Amino acid sequence: MGESTLHPPVTVAITGASGAQYGLRLIEALIAAEHEVWVMVSKAAHLVIETETDAALPARPERLAQTLTERYGAAAGQIRCFGREEWMAPVASGSGAPSAMVICPCSTGTLSAVATGASNNLIERAADVALKERRQLILVPRETPLSAIHLEHMLSLTRMGAVILPAAPGFYHRPASVDDLIDFIVARILNQLGIEHRLLPRWGE
């Protein structure tokens, strides 16, 4: 598989909410589906990943790309990683290459920043670009209970065209492991993106 054969890029941002496993599994699934993947990981997310998983992910973007490439068997150049203030990244401008974006998991702080257009870092700016350019934006919050602030921001983002896809797995597929629960959410994300997968049968299949 060469770079020229890759499907269009999907941006995956991992922020500091619990549930880093969802974002990492999404990256893996997108690699398997032969998409180019643009990755951003917040400072808080690095701490969560270290706490919740056995993954040791470096902070420097070039080393992070190398680590993820090796971890998921990606093709050369299939994964690109950007730093929190890398304002020349393609995701920072509407004139950059178009890309669907998934924030997974999405902290409530990031949710608030995106809903209000804060754009204090590249993740927030990339989401702002997705909204203004009417590109696909999926946010995967993992928080409970939800305050009125959280709910109002979710409603605002939904009205702007974003999709709020909570990390709340179902059980009708009789999950046998934590991995099955993770795959349930990742499968729903891939469905939203229109990407074929074999993680979970569709309803009725």
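Residues numbered from 1 in each chain as written. Predicted model: local features only at pLDDT ≥ 70, side-chain atom pairs only at ≥ 80, totals over all residues. Heavy atoms only, no water.

### A closer look at the overall build of the protein chain
Stated formally: Only DSSP runs of H or I reaching four residues or more are called helices, and only runs of E reaching two or more are called strands; each is numbered from the N terminus. Using C-alpha atoms as the atom set, the radius of gyration is obtained and then compared with a globule rule of 2.2 Å times the number of residues to the power 0.38.
Counting its secondary structure elements, the protein chain contains seven helices and six strands. Across the protein chain, helices and strands are ordered from the amino to the carboxyl terminus as β-α-β-α-α-β-β-α-α-β-α-β-α. The globule rule puts the C-alpha radius of gyration for 205 residues at 17 Å, and the 16 Å found for the protein chain is close to it. Expressed along its principal axes, the backbone C-alpha trace of the protein chain runs to roughly 40 × 40 × 30 Å.

### A short note on helix H1 (residues 20-32)
For an α-helix, 3.6 residues make a turn, and residues three or four places apart therefore share a direction. What counts is decided by this rule: The length a helix should cover is 1.5 Å for every residue beyond the first.
The end-to-end C-alpha separation of H1 is 19 Å, in line with the 18 Å expected for 13 residues at 1.5 Å each. Looking one or two residues beyond H1, the residue adopting positive phi is Glu-34, at roughly 65°.

### What about the pattern of salt bridges?
This is how it is decided: Any Lys or Arg side-chain nitrogen found within 4 Å of a carboxyl oxygen on Asp or Glu counts as a salt bridge. Only protein chains enter the accessibility calculation, which uses a 1.4 Å probe; a residue is then buried when its area is under 20% of its type maximum, exposed when over 50%, and partly exposed in between.
All chains considered together, the criterion is met by six salt bridges. For Asp-54, the salt bridge is made with Arg-71, and the minimal N-O distance between the two is 3.8 Å. Within this pair, whereas Asp-54 is found in the loop between helix H2 (43-52) and helix H3 (61-72), its partner Arg-71 is found in helix H3, the two being separated by 17 residues in sequence. By relative accessible area, which is 40% here, Arg-71 ends up partly exposed.

### Describing the packing of helix H4 (residues 108-116) against helix H6 (residues 148-160)
Applied cut-off: Axis definition: a line fitted to C-alpha atoms, limited for helices to the stretch in contact. Angles are taken between N-to-C directions and run from 0 to 180 degrees. Angular relationships are summarised with four words: roughly parallel below 35 degrees, roughly antiparallel beyond 145, roughly perpendicular across 65 to 115, and oblique for the angles in between. Note on convention: near helix rotated counterclockwise from far helix by under a right angle means a left-handed crossing. Clockwise means right-handed. Any two residues whose heavy atoms approach within 4.5 Å are treated as being in contact. In the scheme used here, Gly and all other residues not listed as nonpolar or charged are polar, with Ala, Val, Leu, Ile, Met, Phe, Trp, Tyr, Cys and Pro taken as nonpolar and Asp, Glu, Lys and Arg as charged.
The geometry of H4 relative to H6 is characterised by a closest axis approach of 9 Å and an angle of 45° between their N-to-C directions. Here H6 runs oblique to H4, going by the angle between their axes. Crossing geometry of H4 relative to H6 is assigned as left-handed. Facing Thr-108, Leu-111, Ser-112, Val-114, Ala-115 and Thr-116 of H4, the residues of H6 in contact are His-150, His-153, Met-154, Leu-157 and Met-160. Residue composition of the contact of H4 with H6, by class: six nonpolar, five polar and no charged.

### A closer look at the pairing of strand E4 (residues 100-106)
Note the following rule: A pair of strands is treated as paired once DSSP finds two or more bridges between them.
Within E4, seven of the seven residues are buried, leaving the element largely enclosed by the surrounding structure. Here E4 shows two buried faces, one formed by Ala-100, Val-102, Cys-104 and Cys-106 and the other by Met-101, Ile-103 and Pro-105. By the bridge criterion, four bridges tie E4 to strand E5 (residues 137-141) in an arrangement that is parallel. Residue Cys-106 lies in a different strand from E5, and its bridge partner there is Pro-141.

### Re unusual backbone geometry
Of note, the bond from Cys-104 into Pro-105 is cis; its omega dihedral lies within 30 degrees of zero at -5°. By the secondary structure assignment, Pro-105 is in strand E4. Look at Ser-119: it is not a glycine, yet its phi comes out positive at around 55°. Along the polypeptide, Ser-119 turns up in the loop between H4 and helix H5 (122-132). Accessibility expressed as a relative area gives 22% for Ser-119, which makes it partly exposed. Phi at Arg-134 is positive, roughly 60°, even though this residue is not glycine. Relative to the helices and strands, Arg-134 is located in the loop between H5 and E5. Of the residues examined, Arg-134 reaches a relative accessible area of 69% and is grouped as exposed.

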